[in-house]
Amino acid sequence: MSVTASYEFGSKVYCSDADCGELLQFVVEPELPRLTSLVVCSLVDGAARLVPPELAGTTSYGNIVLDCDKAAFDHLPATPVRGSAGPAVMRAVPDAQTRIRRGDHISALDGDAGRVLGLVVRTEDEAVTHVLLAAGHFWHRKHVAVPVDYVAGLGFAGLDVLLTKEYVTDFVL
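The text that follows walks through the structure, step by step, so that each part is easy to find. Here the residue index of a chain counts from 1 through its sequence in written order. Only residues with pLDDT of at least 70 get local features here, since the model is predicted, and only at 80 or more are side-chain atom pairs given and counted; chain-wide, interface and lining totals rely on the full set of residues. Only hydrogens and water are set aside; all other atoms, that is, all heavy atoms of the structure, feed into the side-chain values.

## What to know about the pairing of strand β3 (residues 19–29)
Selection rule: For two strands to pair, DSSP has to find at least two bridges joining them. Elements are defined by DSSP. Helices are runs of H or I of four residues or more, strands are runs of E of two residues or more, and each kind is numbered from the N terminus.
Across three bridges, the pairing between strand β2 (residues 12–14) and β3 is antiparallel. Counterpart to Lys12 in the pairing with β3 is Glu22. Linkage of β2 to β3, two consecutive antiparallel strands, is achieved through a turn of four residues. Pairing geometry for β3 and strand β4 (residues 34–42), over eight bridges, is antiparallel. Residue pairing for β4: Gln25 is matched across the bridge by Val39. Once β3 ends, the chain turns through four residues before running back antiparallel as β4. Examined bridge by bridge, β3 and strand β9 (residues 99–101) share three bridges and lie antiparallel to one another. Its bridge partner lying in β9, Gln25 is registered against Arg101.

Structure representation (structure tokens):
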């Protein structure tokens, strides 16, 4: 049985010796699909650091722990987040087609099915196995994990799934 890690947007990220920031986005290679980077908003300089998934692990409380210290985290590739002073190390977050952000829309075959909350990743090869989302009407919202096999594509408007809204809610956590 393979080991998986569940990453949710807004999770606190810790280095081995300090708080690092908060999970802001994912960068995914859509053809496989495979997680290539976690985008962590730094607490110190407000920069979005690109963290390789090999460095990340999750705790039972939903936090993310990096296998590096704060100094190594500060030297990871970064790009400024709107409204902050730029860091010394710069690298653009890859093409928007490969980014998954908090609140991205999930489009089912019959309309809007919910919003993205995070990803479940197989740790041995960083393959995305499920997309975590909040589905259903505002008053009856469910947290579900849709297998990535049902995701038809990543795009500027979010993710498209090959399911109806009713079937999306059947994948309750």
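## What about the side chain of Glu126?
For the record, the criterion: Buried residues are those whose accessible area, probed at 1.4 Å on protein chains only, stays under 20% of the maximum for their type, while exposed residues exceed 50% and partly exposed ones sit between those limits. The sign given to each residue is positive for Lys and Arg and negative for Asp and Glu; His and the chain ends receive no count. Salt bridges are identified by distance alone: a Lys or Arg side-chain nitrogen within 4 Å of an Asp or Glu carboxyl oxygen. Note on contacts: a residue pair qualifies if any of its non-hydrogen atoms lie within 4.5 Å across the two residues.
Mapped onto the secondary structure, Glu126 falls in the loop between β11 (111–122) and β12 (127–135). There is no salt bridge for the buried Glu126, and the closest opposite charge comes from Arg34, which lies 6.6 Å off by N-O distance. Ignoring anything within four residues of it in the chain, the contact list for Glu126 reads Arg34, Leu35, Pro53, Glu54 and Val121.

## Considering the pairing of strand β13 (residues 142–147)
Sheet analysis places β12 next to β13, joined by six bridges and oriented antiparallel. Bridge assignment links Leu132 to a residue of β13, and that residue is Ala145.

## A closer look at the state of the cysteines
Among covalent bonds in proteins, the disulfide is the one between the sulfur atoms of two cysteines. Spelled out, the test is: Any pair of cysteine sulfurs within 2.5 Å is marked as a disulfide.
The tally for this structure, following the rule as stated, stands at one disulfide. For Cys15, the disulfide goes to Cys20, at an S-S distance of 2.0 Å. One exposure class covers both Cys15 and Cys20, and it is buried.

## Observations regarding the packing of aromatic side chains
Our working rule: Each Phe, Tyr or Trp ring, with Trp reduced to its six-membered ring, pairs with another whose centre is within 6.5 Å; inter-plane angles below 30 degrees give stacked pairs, above 60 give edge-to-face pairs, and intermediate values give tilted ones. Counted as over-ring charges are cases with an Arg CZ or a Lys NZ within 6 Å of the ring centre that also lie within 35 degrees of the ring normal.
Overall, the coordinates contain three aromatic pairs when judged by the stated rule. Centre to centre, the rings of Phe9 and Phe26 are 4.7 Å apart; their planes meet at 50°, and the pair counts as tilted. Placement of the pair is Phe9 in the loop between β1 (4–8) and β2 and Phe26 in strand β3, with a sequence separation of 17 residues. Each member of the pair, Phe9 as well as Phe26, is classed as buried. Linked through ring pairs, Tyr7, Phe9 and Phe26 together constitute an aromatic cluster. Above the ring of Phe73, the side-chain terminus of Arg49 is found at 5.9 Å from the ring centroid.

## Considerations on the pattern of salt bridges
The tally for this structure, following the rule as stated, stands at seven salt bridges. Its salt-bridge partner being Lys12, residue Glu22 comes within 3.9 Å of it at the nearest N-O pair. Residue Glu22 is found in strand β3, and its partner Lys12 is found in strand β2; the two are separated by ten residues along the sequence. A relative accessible area of 30% places Glu22 in the partly exposed class. In the salt-bridge network here, residues are joined through shared partners; they are Arg122, Glu124 and Asp125.

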